[in-house]
There are 2 protein chains.
Amino acid sequence: MRKTTKLIAALTLLINISCFAQTNKKLVTNPTELENAIKSAEPGDNIVLANGVWENLEIIFYAKGEKDYPIKLTVETPGKVTLEGQSCLRIGGKYLVVDGLYFRNGYTPKNTVIDFRISKNKIANNCKVINCVIEDFNQPNRYDQDHWVEFYGRYNQLDRCYLAGKFNQGPTIRVHLNGNEHIRNYHKITNNHFGPRPRKGGPKAETMQIGDSYTSMTPSYVQVKNNFFEKCNGEVEIISSKSNFNEFRNNIFFECEGSLVMRHGNYCIIDGNIFIGNETNEFIGGIRVINTGHWITNNYFYGLKADEFRSPLAIMNGIPKSPLNRYNQVTDVVIAYNSWVNCTSPWQFSVGANMNKKDVLPQSEIRSARPERIVMANNLIYNELSDSLPLKSYDKIDGVLFKNNFIDNPGYESEFEGIEVTELKMKKNNDWLFILTEVNGNKLQKTFSGFGFEDIKTDIFGNSRSNKNIAGAVISEKNISSFEFDKNNYGPEWYSAAKPIDKISIVQVSASDNLTQLLAEKSSGDILELEEGTYKIDESLIIDKPISIRAKEQDNKVKLIYTGKNNSSLFQMHPKGNLTLENISMFGNKELLAFSTLQENMSNSYILNIDNCEINDFGIVLKAYRGSFADSISFTQTKIVNCSSGIELASETDDKGDYNAEFVSIIGCEFENVDKDVINFYRGGYDESTIGGNLTVKNSTFKNCGKDEESEILIKTRGIINVNISNNSFISNPVKLVALLWGEKNNKHSENEIKDSGEIRVDKYLKQKLVY
Amino acid sequence: MRKTTKLIAALTLLINISCFAQTNKKLVTNPTELENAIKSAEPGDNIVLANGVWENLEIIFYAKGEKDYPIKLTVETPGKVTLEGQSCLRIGGKYLVVDGLYFRNGYTPKNTVIDFRISKNKIANNCKVINCVIEDFNQPNRYDQDHWVEFYGRYNQLDRCYLAGKFNQGPTIRVHLNGNEHIRNYHKITNNHFGPRPRKGGPKAETMQIGDSYTSMTPSYVQVKNNFFEKCNGEVEIISSKSNFNEFRNNIFFECEGSLVMRHGNYCIIDGNIFIGNETNEFIGGIRVINTGHWITNNYFYGLKADEFRSPLAIMNGIPKSPLNRYNQVTDVVIAYNSWVNCTSPWQFSVGANMNKKDVLPQSEIRSARPERIVMANNLIYNELSDSLPLKSYDKIDGVLFKNNFIDNPGYESEFEGIEVTELKMKKNNDWLFILTEVNGNKLQKTFSGFGFEDIKTDIFGNSRSNKNIAGAVISEKNISSFEFDKNNYGPEWYSAAKPIDKISIVQVSASDNLTQLLAEKSSGDILELEEGTYKIDESLIIDKPISIRAKEQDNKVKLIYTGKNNSSLFQMHPKGNLTLENISMFGNKELLAFSTLQENMSNSYILNIDNCEINDFGIVLKAYRGSFADSISFTQTKIVNCSSGIELASETDDKGDYNAEFVSIIGCEFENVDKDVINFYRGGYDESTIGGNLTVKNSTFKNCGKDEESEILIKTRGIINVNISNNSFISNPVKLVALLWGEKNNKHSENEIKDSGEIRVDKYLKQKLVY
């Protein structure tokens, strides 16, 4: 009898499907048709956008489907329907499916690209967005905030989408919980590919934010499963979970410069996730824990080297009786059956402890409440090379129960009962996965079973723990295939995130050629090789793609003489501009700039590499305007002479944690007769979301600079986290300070020769403006 | 076939029951037998305490029963087994039942009388305490803290118990949530009778506290159902809910001077409760709301007259980004289908708003965050007599959606859409229950159905709302009987809370009788009638019960001359002492006290009524020692002459909100030549848990008093909430101030004649010491 029922069901399904296919498909070719189709849509309908570019299309998809007969909005051919310009989608109603939209070459005219809500009273429930792409769909100004996907309502889903390249302010995905109709939502965010999100140089650049501190008491139950996060580098939090009962399962975090952070809210499940770092990057993080009752199980961490807030496992100190938007104490957290392989100081406790700052911060900012009632059991740490401090703590460890944890780290002697040193026989399964081949003396089989541990039924790959159970995330190789680390498993099938590599041409240029025109014509990555001579330039050279300009003969510098309008720059950096200059001498006058960004609409970052050049007689060497952000700026073996001021990266004066460049390095350069500061690199506001600017000044000389600098500081680095000033010579600079460094952060100086140039001073703490 | 199964099941049950009865009952007659019986207990056992007084018995009941075969600890005859002296019970293990214990005449030597935990690792799960009584089982000192029942673990129950008379510090019942093994506990507190809990005169006197601010993020799910709360007057909170998802259903709060308070934690259900006040008491409260997501439905409020924190419905203002232990904003609360009958200002919004105190309190104490996303729908307000302000708000009302609420309040005009004035035909069903007899023009049938309203399926008595639905808590009389307001429905069947009334004797006394001995011999309530004469008393007269002492002839005062030890008092008040003195003249010397309390162990309150007496030549008129508390102190038509100082109620100097007397009244008295202050009534510390002391000074004269008073204030009332000084004469008192009143609170003065006695000053705000 059962078989018959199934057969009938199958037949019914077939009939339904064919019915839809034949009768309910409505191809629409313009916005009016689309609007009408939506207006008249019945359960089971499929509205199909015709192939082509839909420019400035604001879709308001309000309709009511049924569970078995959803209303669909799809595309004629996936990839051939693009929404460009000022386009967006808002969804309201129930049982709707949006499939295959591609947003690019534009930005949303609203706050959201895809919104699961049309208005306060028209929200979406049981709706899905699948197989969609949002790529580089950025607001022109970095400081203008939007989100790409906003969740409202309940039981909505984002599945198999690709989202990459968000640069402006605002989390990529935002789940809203302000209202009973949005809580206990069980939204699903599944099988998506979150492609690279560049560093933002300031806060509010999470890939996902679930709730906020004001709704952090709500039961949310968002399910984030089987997603692939690739280089999501926006800020210190890849995912900021700010509500209760969310679940993060089986996601891969690949080389993301941040952490999965339980920022507010409690009782989340973080199970079976993989975090992958690499040898060189010191910012790739793991899991950061705040608040109460999270269960962190079966996670695998490989090659993570970040420290403190981004450490592989960061258990924070809280603020006693914390204000709602700050740091609650960590209590009742269980961390069990996880593996850390080749990580640096994988376990860090009381991260953020700042009792020593009680004189410079208000009491309500002092994180002195240590973790309490924490259970760490059945975990593994394995390091091929010795890590000097696998367990690091910034306060007393008195609230953690360690049980049956095992560590193999050459030369390490455990100081805690419950962390046992043992030799682990491991097999390298692929680039990042190490699997135990032998359970040494069966030690690892001594697992601890604490309160609720009976609910940890499987390992990371779904293998049952009931028969064979051992410490660590992986019991056996079995079922690895079910969890393949393959980009093609994530995001839409029709879309490939891999970009074709540009073919590079070397273009020969002579002084009679029009450089402006050449720059516009040539392709991304091309190299302009300039013959010897003097090039007169009378309007800014625009750099909006990767391009190199170099002298043909290395020994003879080519001369560029700039005669543009006052306050204009010889090279104007546009979004995605990436300029390499080699063996070029530039000449201007005190009313001109050598390099600058656009004054607005810097919708993406830029890169500047200046090697073996000369910069003479400019007003400002580099002027970064507000909203601009450089991935990296490098001056090597370059002379800067007779300029009014130097490298100016100080336009983010809102004091909200933003800054104008990530990496700035000055190596082997000579600064002479720069009247004001030679570098002004600024980050204002008390904010912990960012790595926070990197400045290296090495092997350089500074002579007769700073005479007109009001602050009497030659190298200004206020608020920048990582500063290294070493092996330089400062000769006859009439300033009080060569630099004023921030002792508490990673600010260093060494081996500098200082003559008649004041001194380098280090202040441990910096008085900061509170952002919160 | 089904019937057979049932029959077999019934037979099996019978067999099991009879087996228990015959084979597993173990009568124990001493602690060793009890201990051994517990040690060897098997599932199904019933350990029976033999009749008698068990003195100083600390029961540690650790055992493991099974769901269908619990292990029981019972008594031979309920009521005939009492645990006295320093006794307590601790329970650990699973499936245990404790039935019929009676705690009295003593106090716990631990922190708890009944503890659902033996130690950190031996907690109770699935255990029940039923039919037990705890009565007046108080620590000797009011400031020593304990709890009578502490809940730990999960699925424990307190059912049909009677708990009354807790006087010392500490909630009667406390649920602990600090640890994963205690959360999601679904404890049941059902069918209990919470008898009178006297005013404590300070905080920490809740009848029930569920969690604390530190664990206020935990999911708790405590079920408080069908309980009878009678005059639970301890403090401002009858129940302090401090965790998530608790449920309060079908409880009766009868004349309780406090409220059911959602103090911390969110998403609680308050459904079908009855709150009953009376004509005269202005402190009987309803529901106070803080935090997010509570559903307040089907509740019935009758005759409540309290204001602000205790108002029938108090929706508070929150502190923006509140610290964990203070006041979160109220958001997403639903208040639907409730009825308020004959209540004064039943709806109060933004209670606690104190933006005007921003100069005297820190920013983190300022409640300026208004309620947001509140839905008030389908509620009724009915007043027989007009209430001048049914809806009161301490801030702007901009976050409340009113829908289909109805009000019948003579002369009232609604100012809000969604609150409709209408005439309601009501029938008085009993003392407190009014039921609609006629739905006027069917208006009330226009109910609003908001998000989630479909889950409000019945009215307060369980009548379905699906067919006939109207606003208010009561749809019809049907099923009222299922919810009878009868004390016998609550607490143990074997116990009656009604006490026999004392038979009062009038005892004739002459000057030759030994008063000390008579006081010890005579019964509670007796009246000692003193013949004319001079009575010499050389040791303190002890008052430890209700007693009256009066002159036989009203016109001739009897003389008591006290010659006891220095610093001793003529009358020494003991716990439960209640002295009425009429027409007595007392004489002492400046080293003696007229009245005092015990210096310690004031385990209960006392009462003092002094009428038409004279108090001459004492050091102190009344000295209240630390830990003592007077329900009321009244001096009427009494002369106080030539004393060093007056009425001293100022020993609670910890500044934690405690004070020494509830009601103090001085009416028609004469104070002359009292060298220091005439009254010193003190409450220190910033605390909002108490009504806070009441002082009335009326129709009295004060002459030549205060000359040695250092503070230069004659009547000191610091921190006392309710003060009324009126129609008095203050003549020639060499002080700066007659009184310094607290303008923000209920401090008043009028019609006083003040000559050469300084002035009465009113300061609006008081600088207070923060308790939190």
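Because the structure is a prediction, the values reported are computed rather than measured.

Peer 1: Honestly, the overall build of chain A in this entry has me stumped. Any pointers?
Peer 2: Along the backbone of chain A there are 3 helices and 72 strands. Buried residues in chain A amount to 60% of all 772 residues. Of the contacts formed within chain A by residues at least 6 apart in sequence, a portion of 74% connects residues at least 24 apart. Of the accessible surface of chain A, which amounts to about 30,100 Å², a share of 45% is contributed by carbon and sulfur atoms. Counting 88 positive and 96 negative side-chain charges, chain A places the averaged centre of each group 6 Å from the other.

Peer 1: Please explain the packing of aromatic side chains as it appears in this structure.
Peer 2: To describe a pair of aromatic rings, one takes the distance between the centres and the angle between the planes. This structure, assessed with the given rule, holds 65 aromatic pairs over all chains. Across the ring face of A:Tyr267, the terminal group of B:Arg184 is positioned such that the distance to the ring centre comes to 5.6 Å. Directly above the aromatic system of B:Tyr327 lies the positively charged group of B:Arg263, at a separation of 3.7 Å from the ring centroid.

Peer 1: Quick question: what am I supposed to make of the side chain of A:Ser311 here?
Peer 2: Residues and elements named next belong to chain A. For Ser311, the location among the structural elements is in the loop between β32 (300-302) and β33 (313-316). At a separation of 2.8 Å, a polar atom in the side chain of Ser311 contacts the main-chain carbonyl oxygen of Glu308. When neighbours within four sequence positions are excluded, Ser311 is seen to be in contact with Gly286, Ile287, Ala306, Ser345, Gln348 and Val351.

Peer 1: Please explain the interface of chain B and chain A as it appears in this structure.
Peer 2: Many analyses report the size of an interface as the accessible area lost when the parts associate. Facing the 29 residues of chain B at the interface are 29 residues of chain A. Between chain B and chain A, the buried area comes to about 2,400 Å², and carbon and sulfur atoms account for 58% of it. Considering only the surface of chain B that becomes buried against chain A, B:Asn180, B:Lys321 and B:Phe451 emerge as the three largest contributors, covering 28% of it. One can count 0 salt bridges joining chain B with chain A. Joining chain B to chain A, the criterion identifies 8 residue pairs in polar contact (both at pLDDT 80 or more).

Peer 1: Quick question: what am I supposed to make of the pattern of salt bridges here?
Peer 2: When charged atoms on two side chains of opposite charge get close, those side chains can pair. All names here are of chain A. Applying the stated rule across the entire model yields 67 salt bridges over all chains. Between Asp212 and Arg174 there is a salt bridge, with the nearest N and O atoms lying 3.2 Å from each other. Here the residue Asp212 occupies a position in the loop between β21 (208-210) and β22 (223-225), and Arg174 occupies one in strand β18 (residues 173-175), the gap between them amounting to 38 residues. Overall, Arg174 belongs to the buried group, its relative accessible area being 10%. Here Glu365 ties to Arg326 by a salt bridge, and the two come within 2.7 Å at their closest N and O atoms. Residue Glu365 is found in the loop between β36 (347-351) and β37 (374-377), and its partner Arg326 is found in the loop between β33 and β34 (334-336); the two are separated by 39 residues along the sequence.

Peer 1: Is there a simple way to think about the environment of B:Thr717 in this case?
Peer 2: Residue and element names in this part refer to chain B. Turning to its location among the elements, Thr717 is positioned in the loop between β66 (713-716) and β67 (722-726). Taking the C-alpha atoms as reference points, Thr717 and Asp45, separated by 672 residues in sequence, lie 60 Å from one another. Dropping the residues within four chain positions of it, Thr717 is found in contact with Phe681, Leu695, Val723, Leu740, Leu741 and Asn747.

Peer 1: Any chance you could explain helix α2 (residues 31-39) of chain B here in plain terms?
Peer 2: Every α-helical turn comprises 3.6 residues, leaving residues that sit three or four positions apart pointing alike. All names here are of chain B. Residues of α2 that are buried include every one of Leu34, Ala37 and Ile38, and no others. Projection of α2 onto a plane perpendicular to its axis shows the buried side chains occupying an angular sector of 100 degrees, all on one side. Those residues of α2 that are exposed and angled more than 90 degrees off the buried face are Thr32, Glu35 and Lys39. Buried positions along α2 lie against β1 (25-28), β2 (46-49), β4 (58-64) and β5 (71-75). In this structure Asn30 caps α2, since a side-chain oxygen of it lies 3.1 Å from the backbone nitrogen of Thr32.

Peer 1: When you look at the relation of the copies chain B and chain A in this model, what are you seeing that I'm missing?
Peer 2: Look at the two chain copies: a rotation about an axis and a shift along it is all it takes to match them. After a rotation of 180 degrees and a shift along the axis of 0.0 Å, chain B superposes on chain A with an RMSD of 0.1 Å. Considering both components of the superposition, the chain copies are consistent with a two-fold axis. Relative to the rotation axis, the C-alpha of B:Pro323 is the closest in chain B, positioned 1.9 Å from it. Looking at chain B, 100% of its interface residues are interface residues in chain A too, so the copies touch through the same face.

Peer 1: Would you mind showing me how to read the pairing of strand β37 (residues 374-377) of chain B here?
Peer 2: All names here are of chain B. Here β37 shows no split at all, with Ile374 and Met376 on one side and Val375 and Ala377 on the other all buried. Bridge count between strand β34 (residues 334-336) and β37: 3 bridges; the pairing is parallel. By the bridge assignment for β37, Ala336 is matched with Ala377. One ladder, built from 4 bridges, connects β37 with strand β40 (residues 400-403); its direction is parallel. Its bridge partner lying in β40, Val375 is registered against Leu401.

Peer 1: Looking at this model, I keep getting lost on the side chain of A:Gln139. Mind explaining?
Peer 2: Residue and element names in this part refer to chain A. Its location among the elements puts Gln139 in the loop between β14 (133-135) and β15 (147-151). Within the structure, the side chain of Gln139 is placed 2.9 Å from the backbone oxygen of Thr108, a separation counted as a polar contact. There is a polar contact of 2.9 Å between the side chain of Gln139 and the side chain of Asp146.

Peer 1: Honestly, a negative patch on the surface in this entry has me stumped. Any pointers?
Peer 2: All names here are of chain A. Together, Asp513, Glu531, Glu532, Glu553 and Asp555 give the surface a local cluster of negative charge. Tracing the chain through its elements places Glu553 in the loop between β49 (546-551) and β50 (558-562). When its relative accessible area of 44% is taken as the criterion, Glu553 is described as partly exposed.

Peer 1: Where do I start with the sheet that holds β50(A) in this structure?
Peer 2: One key point about sheets: their strands pair by backbone hydrogen bonds, in either a parallel or an antiparallel sense. All names here are of chain A. The 9 strands are arranged β47-β50-β53-β56-β59-β62-β65-β68-β71 in an open sheet whose pairing can be described as parallel. Two strands lie at the open edges of the sheet, namely β47 (534-537) and β71 (753-755), each paired on one side alone. Between one strand axis and the next, the sheet turns by 10 degrees as a mean value, whatever way the strands run. In this structure, β47 lies alongside β50, joined through 4 bridges in parallel fashion. Paired with Ile537 across the two strands is Tyr562, which belongs to β50.

Peer 1: What exactly am I supposed to notice about the pairing of strand β51 (residues 569-573) of chain B here?
Peer 2: Regular strands show a simple pattern: their side chains alternate between the two faces of the sheet. Residues and elements named next belong to chain B. Extensive coverage of β51 is indicated by the burial of 5 of its 5 residues. Here strand β48 (residues 541-543) pairs with β51 via 3 bridges, running parallel. Bridging from a neighbouring strand, Ile543 pairs with Met573 of β51. With 4 bridges joining them, β51 and strand β54 (residues 593-597) adopt parallel strand pairing. Each bridged residue has a counterpart across the sheet, and for Ser569 the counterpart in β54 is Leu593.

Peer 1: Is there a simple way to explain the sheet that holds β54(B) in this structure?
Peer 2: Residues and elements named next belong to chain B. A sheet is described by the order of its strands in space; here 9 strands give the open sequence β48-β51-β54-β57-β60-β63-β66-β69-β72, paired in parallel fashion. Taken across any chain shown, the strands that pair with only one partner, and hence form the sheet edges, are β48 and β72 (759-763). Taken over all neighbouring pairs, the strand axes of this sheet differ in orientation by 20 degrees on average, direction set aside. Bridge count for strand β57 (residues 620-623) against strand β60 (residues 645-649) is 3 bridges, and the pairing is parallel. Of the residues in β60, the one forming a bridge with Leu622 is Ile647.

Peer 1: Please explain the environment of B:Glu712 as it appears in this structure.
Peer 2: All names here are of chain B. Turning to its location among the elements, Glu712 is positioned in the loop between β65 (701-703) and β66. For the pair Glu712 and Leu737, spaced 25 residues apart in the sequence, the C-alpha separation amounts to 6.4 Å. Sequence-distant contacts of Glu712, defined by excluding residues within four places in its chain, comprise Val735, Lys736 and Leu737.

Peer 1: How should I be thinking about the confidence of the model for chain A in this particular structure?
Peer 2: Reading fine detail from the predicted coordinates is not recommended where pLDDT is low. Residue and element names in this part refer to chain A. Per-residue confidence for chain A gives a mean pLDDT of 93; residues scoring 70 or more make up 95%. Residue range residues 1-5 is modelled with pLDDT below 50. Its contacts to residues more than four positions away, or to other chains, number 0 contacts. In this model residues 9-22 is a low-confidence stretch, pLDDT under 50, and it forms 6 contacts with partners more than four residues away in sequence or in other chains. Note on the complex model: pTM 0.93, ipTM 0.91.

Peer 1: Sorry, what's going on with the environment of A:Ile721 here?
Peer 2: All names here are of chain A. Within the secondary structure, Ile721 is located in the loop between β66 (713-716) and β67 (722-726). Separated by 22 residues in sequence, Ile721 and Gly743 place their C-alpha atoms 9.7 Å apart. Other than its neighbours up to four places away in sequence, Ile721 contacts Arg683, Ile691, Gly692, Gly693, Trp742, Lys745, Asn746 and Asn747.

Peer 1: Just checking my understanding: could you explain unusual backbone geometry for this structure?
Peer 2: Look at A:Asn226: it is not a glycine, yet its phi comes out positive at around 55 degrees. Residue position: A:Asn226 is located in the loop between β22 and β23 (228-230). For A:Asn226, a relative accessible area of 34% gives the class partly exposed. With a phi close to 60 degrees, B:Ser350 is a non-glycine residue in the positive phi region.

Reading the values: the criteria
Residues numbered from 1 in each chain as written. Chains lettered and ligands numbered in written order. Predicted model: local features only at pLDDT ≥ 70, side-chain atom pairs only at ≥ 80, totals over all residues. Heavy atoms only, no water. Helix = DSSP H or I, 4+ residues; strand = E, 2+ residues; numbered from the N terminus. Buried < 20%, exposed > 50% of the residue type's maximum accessible area, 1.4 Å probe, protein only. Contact = heavy atoms within 4.5 Å. Areas by Shrake-Rupley, 256 points an atom, 1.4 Å probe, with all protein chains shown as cover. Lys, Arg positive; Asp, Glu negative; His and termini not counted. Charge placed at Lys NZ, Arg CZ, Asp CG, Glu CD. Phe/Tyr/Trp six-rings, centres within 6.5 Å; stacked < 30°, edge-to-face > 60°. Lys NZ or Arg CZ within 6 Å of the ring centre and 35° of its normal. Polar contact = N/O pair within 3.5 Å; in protein donor to acceptor, adjacent residues only side chain to side chain. Buried area = accessible area lost by both parts, 1.4 Å probe. Salt bridge = Lys/Arg side-chain N within 4 Å of Asp/Glu carboxyl O. Arc of directions from axis to C-beta. Least-squares fit on C-alpha atoms with pLDDT ≥ 70 in both. Pairing = 2+ DSSP bridges. Patch = residues over 30% accessible without salt bridge, like charges linked within 9 Å, V, L, I, M, F, W, Y side chains within 5 Å. Axes fitted to C-alpha atoms, helices over the stretch in contact; angles between N-to-C directions. pLDDT = per-residue confidence, 0-100.

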